[in-house]
Amino acid sequence: MAAVRGLSLTAAALRAVAPWARGSRLLAASRGPQARREASSSSPEAGEEQIHLTASCVQRLLEITEGSEFLRLEVEGGGCSGFQYKFSLDTVINPDDRVFEQGGARVVVDSDSLAFVKGAQVDFSQELIRSSFQVLNNPQAQQGCSCGSSFSIKL
């Protein structure tokens, strides 16, 4: 599966670097019962264990996703502050994933990454020079860099 890095990717760029074939084994694998195991945003672990979606994020996801696609948010080591956010379109839900759904739009976060973004907001920002998904108001982040894609955690 192709990895998509950075925040300033348009939907066309996401599709260009992560071209899932609609009939591929990747998509077929996501249809199993284990792959459908989801934890919705209305789970009892509400509050700080949540990822909140802004209205612009929901609207943009509804525009760019097709079928079983969703936005995957991951945190990986790197960037100028130690950790960085990674966004990609995906179709496979893994057993350790949490699914946050609002208005028909879905954002999926693996359990390891959730520890670094719980309580944060996912937004879609559109500016003259770029449009991108972004993580805002992350209570787990101590500080971030000026580009907005990397952060350091609170210890």
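These figures come from a predicted structure and were not determined experimentally. Each chain has its residues counted from 1, following the order in which its sequence is written. With pLDDT at 70 or above as the cut-off, local features in this predicted model cover only qualifying residues; side-chain atom pairs require 80 or more to be listed or tallied, and sums for whole chains, interfaces and linings still use all residues. The side-chain quantities take in all heavy atoms of the structure and omit both hydrogens and water.

## As for the pattern of salt bridges
- We define a salt bridge as a contact between a side-chain nitrogen of Lys or Arg and a carboxyl oxygen of Asp or Glu at a distance within 4 Å. This structure, assessed with the given rule, holds 7 salt bridges.
- Aspartate 97 is the partner of arginine 72 in a salt bridge, and the nearest nitrogen-oxygen pair spans 2.9 Å. One end of the pair, arginine 72, is in strand β2 (residues 70–77); the other, aspartate 97, is in strand β4 (residues 97–102), and 25 residues separate them in sequence. The burial state of arginine 72 is the same as that of aspartate 97; both residues are buried.
- Among the charged side chains, a salt-bridge network with shared partners connects Arg72, Asp90 and Asp97. Where helices and strands are cited, they refer to DSSP runs of H or I of at least four residues and of E of at least two residues respectively, numbered from the N terminus. Throughout, exposure labels follow a simple rule: accessible area from a 1.4 Å probe, protein chains only, divided by the maximum for the residue type, with under 20% read as buried, over 50% as exposed, and the rest as partly exposed.

## Quick look at the nonpolar core
- Grouping buried Ala, Val, Leu, Ile, Met, Phe, Trp, Tyr and Cys residues that are joined through side-chain atoms within 4.5 Å yields what is termed a nonpolar core. Counting 23 residues, the largest nonpolar core has Leu73 and Val117 as its most contacted members.
- Secondary-structure elements contributing two or more residues to this core are α3 (55–64), β2, β3 (83–90), β5 (105–110), α4 (111–117), β6 (121–126) and β7 (131–136).
- At 4 residues, α3 tops the list of elements feeding residues into this core.
- By definition in these notes, contact holds between two residues if any of their heavy atoms fall within 4.5 Å. Contacts of valine 117, omitting those with residues within four sequence positions, involve Gln50, Ile51, Leu73, Val75, Tyr85, Val109, Asn138 and Gln140.

## Remarks on α3
- Those residues of α3 that sit buried are Cys57, Val58, Leu61 and Ile64. All buried residues of α3 lie within an arc of 145° about the axis, which places them on one face of the element. The directions from the helix axis to the C-beta atoms are what the arc is built from.

## Re the pairing of β2
- In short, DSSP must find at least two bridges between two strands for them to pair. Sheet topology places β2 next to β3; 8 bridges connect them, and they run antiparallel. The partner of glycine 77 across the bridge, within β3, is phenylalanine 83.
- Where β2 folds back onto β3 in an antiparallel hairpin, the turn is made up of 5 residues, including glycine 78, whose phi is positive at roughly 140°.
- Here β2 runs beside β5; their pairing, made up of 3 bridges, is parallel. Across the sheet, the residue bridging to arginine 72 is valine 108, located in β5.

## Quick word on the confidence of the model for the protein
- Per-residue confidence from the predictor is reported as pLDDT, which spans 0 to 100. Across the protein, pLDDT averages 73, with 61% of residues at or above 70.
- In this model, residues 1–46 is a region of pLDDT below 50 whose contacts with residues beyond four sequence positions or in other chains number 80 contacts.

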